[in-house]
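Structural description and commentary
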Amino acid sequence: MREPEGVFAEFAAPLYVAWEITHHCNAKCLHCYSGSGPQESAQEAMPLREAKELIDQLADAGVLVLAFSGGEPMMHRHWRELVGHAVERGLSVNIGSNGSCITERNADLLKYLGVKSVTISLDSHLPQVHDEFRRLPGLHAKAVAAIARLVARGVRVVVGFTPTKVNWRDGREVIDLAYRLGADAANLSEYVPAGRGGIDLALPPDWLRETLEEWIAARAEYDGRMEVIWHDCRVALLVTEEEKRNYVGCGAGRLVARILPDGRLTPCVFLPTEIGKVPAMPFSKVWAEAGLLHQFRSRGGHVSGNCGECEQLSICGGCRAVAHAYSGGDPLAGDPHCWVKRHDPEISAMFAAGEGLPV
């Protein structure tokens with residue numbers, strides 16, 4: 001295949017692909033971007049043969065990290081075979097789990113299969129807040145137990161936290177709890193109104209900035225003891241000038257991609273805009289040719305609103321999924337979560353209660 005030219009050469013393959021192998025889940029989280037839950041079918045949406053073929057396509061394309069998520073990925077009947085095949089193909093495998101399925105036996109399996117890391121979600125250090133948010137009593141205790149089992153086996157554990165109006169002030173306590181539990185990292189993922197998560201849960205820009213500043217400070221405090229990391233393009237607006245040189249901003253269609261259970265491909269985990277369907281369409285072909293991805297990669301002349309006018313476009317770019325959620329479906333619109341250049345769009349009533357992905 002001919003190598004990409006010019007500005008797109010650096011985006012020959014995403015570094016990270018999140019594959020929602022199932023939307024079946026024992027929890028029903030208020031902020032779930034995929035709308036997963038017990039009501040979703042546990043039946044596999046993709047035959048095992050096709051799923052393995054897709055893993056081969058990702059490995060051949062040059063993808064580095066494959067994250068199995070959901071739903072609860074460990075409720076998929078063939079999760080062991082899929083993880084094993086991905087590791088065999090040289091992919092660095094992450095499992096994103098709520099912790100409920102990580103029994104002693106499954107913890108042994110994860111170690112044996114050679115997963116690179118397991119991300120366990122904690123929405124609060126307080127069990128009642130976490131369990132109420134996830135609509136599953138006792139889940140906090142299971143998540144903590146899962147972390148302990150994985151730590152005991154030497155499996156890298158990342159504690160994942162998503163700040164919303166319900167729990168944003170608990171972030172620092174979650175970092176401290178992650179450290180006490182022996183986790184290797186605490187990761188902040190931005191909240192995007194998508195799936196079941198409504199706009200009413202989103203932090204106002206000033207609260208978001210305060211949260212990000214708190215995590216930046218915690219990174220310095222925990223330096224050498226535990227990693228404090230994040231997934232939010234706007235962090236580039238807050239770090240030192242020297243650090244800014246390392247930021248490329250929103251990774252949608254540039255560094256990351258998402259695969260839905262039936263093979264539909266989107267530019268990131270929060271953005272429902274379909275750009276192709278794999279493995280019927282070769283992953284590398286979709287990644288190279290999708291017009292929307294070219295617009296995301298160029299940014300200038302395509303991204304509009306406050307982001308299009310911003311001098312930080314190259315290092316931040318604004319969140320394309322947030323833009324989509326507030327604009328009524330335009331992923332190239334401005335970012336209303338930004339505090340540098342304010343953007344107050346008219347919010348379409350149909351998105352006020354969440355996007356509701358058609359899955």
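Below: a short report on this structure. (Residues numbered from 1 in each chain as written. Predicted model: local features only at pLDDT ≥ 70, side-chain atom pairs only at ≥ 80, totals over all residues. Heavy atoms only, no water.)

What follows deals with the nonpolar core. Counting residues in hydrophobic clusters, the biggest one holds 101 residues, and the most contacted among them are Trp-19 and Phe-68. By size, the runner-up hydrophobic cluster in this structure holds six residues, among which are Cys-25, Ala-27, Cys-32 and Leu-136. (Core = buried A, V, L, I, M, F, W, Y, C linked by side-chain atoms within 4.5 Å. Buried < 20%, exposed > 50% of the residue type's maximum accessible area, 1.4 Å probe, protein only.)

The next point concerns empty space enclosed by the protein. A full pass over the atoms with the stated rule returns three cavities of 30 Å³ or more. Computed from the structure, the largest cavity encloses a volume of approximately 90 Å³. Of the residues contributing to the lining of the largest cavity, the split by class is seven nonpolar, four polar and two charged. (1 Å grid on protein atoms, 1.4 Å probe; cavity = no way out; pocket = protein on both sides within 12 Å on 5 of 7 lines; lining within 4 Å. Points joined across faces, edges and corners; volume = space filled by probe spheres on them. Nonpolar A, V, L, I, M, F, W, Y, C, P; charged D, E, K, R; others polar.)

Before going further, it helps to spend a moment on the environment of Cys-29. Relative to the helices and strands, Cys-29 is located in the loop between strand S1 (16–20) and helix H1 (48–61). According to the relative accessible area criterion, Cys-29 is buried, its value standing at 9%. In the structure, Cys-29 is positioned 30 residues away from Ala-59 in sequence and 32 Å away in space, judged by C-alpha atoms. Residue contacts for Cys-29: discarding those within four places in its chain leaves Phe-133, Arg-134 and Arg-196. (Helix = DSSP H or I, 4+ residues; strand = E, 2+ residues; numbered from the N terminus. Contact = heavy atoms within 4.5 Å.)

Turning next to the side chain of Asp-335. In this fold, Asp-335 is placed in the segment after helix H12 (320–327). Owing to a relative accessible area of 1%, Asp-335 belongs among the buried residues under this scheme. Among the polar contacts listed, one links the side chain of Asp-335 to the backbone nitrogen of Cys-319, at a separation of 3.0 Å. (Polar contact = N/O pair within 3.5 Å; in protein donor to acceptor, adjacent residues only side chain to side chain.)

This model, assessed by the stated rule, comprises 21 salt bridges. Salt-bridge contacts for Arg-342 lead to Asp-206; the nearest nitrogen and oxygen are separated by 2.7 Å. One end of the pair, Arg-342, is in the segment after H12; the other, Asp-206, is in helix H7 (residues 205–221), and 136 residues separate them in sequence. Salt-bridge contacts for Glu-241 lead to Lys-244; the nearest nitrogen and oxygen are separated by 3.2 Å. With Glu-241 and Lys-244 both in helix H8 (residues 241–244) and three residues apart, this pair spans about one turn of that helix. Taking the relative accessible area as the measure of exposure, Glu-241 reaches 55% and is therefore exposed. (Salt bridge = Lys/Arg side-chain N within 4 Å of Asp/Glu carboxyl O.)

The next point concerns the sheet that holds strand S6 (residues 185–189). Spatially, 10 strands are ordered S7-S6-S5-S4-S3-S2-S1-S8-S9-S10 in an open sheet, and the strand pairing comes out mixed. Whereas interior strands pair on both sides, the edge strands pair on one side only; in this sheet they are strand S7 (227–231) and strand S10 (276–277). The sheet contact formed by strand S4 (residues 117–121) and strand S5 (residues 157–161) spans four bridges and is parallel. Pairing of Thr-119 across the sheet is with Val-158, part of S5. Taken strand by strand, helix H5 (residues 139–152) contacts S4 and S5, and its axis lies near 160° from that of S4. (Pairing = 2+ DSSP bridges. Axes fitted to C-alpha atoms, helices over the stretch in contact; angles between N-to-C directions.)

Attention now moves to the packing of H1 against helix H2 (residues 79–88). Their axes nearest at 10 Å, the elements H1 and H2 cross at an angle of 25°. By the angle between their directions, the pair H1 and H2 is classed as roughly parallel. Remark: the crossing between H1 and H2 carries right-handed chirality. For the pair H1 and H2, contact is made by Leu-48, Ala-51, Lys-52, Ile-55 and Asp-56 and by Glu-81, Leu-82, His-85 and Ala-86, respectively. (Parallel < 35°, antiparallel > 145°, perpendicular 65-115°, else oblique. Left-handed = near helix turned anticlockwise from the far one by under 90°.)

What follows covers the packing of aromatic side chains. The full count for this structure, using the stated rule, is six aromatic pairs. Measuring from centroid to centroid gives 5.0 Å for Tyr-33 and Phe-270, while their planes differ by 80°, and the two rings are edge-to-face. Here the residue Tyr-33 occupies a position in the loop between S1 and H1, and Phe-270 occupies one in the loop between strand S9 (264–266) and S10, the gap between them amounting to 237 residues. On the numbers, 5.2 Å between centres and 55° between planes, the contact of Tyr-179 with Tyr-222 is tilted. Of this pair, Tyr-179 sits in helix H6 (residues 171–181) while Tyr-222 sits in the loop between H7 and S7, and the two are 43 residues apart along the sequence. Above the ring of Tyr-179, the side-chain terminus of Arg-225 is found at 4.9 Å from the ring centroid. The ring centre of Trp-287 lies 4.6 Å from the NZ or CZ of Arg-297, which sits over that ring. (Phe/Tyr/Trp six-rings, centres within 6.5 Å; stacked < 30°, edge-to-face > 60°. Lys NZ or Arg CZ within 6 Å of the ring centre and 35° of its normal.)

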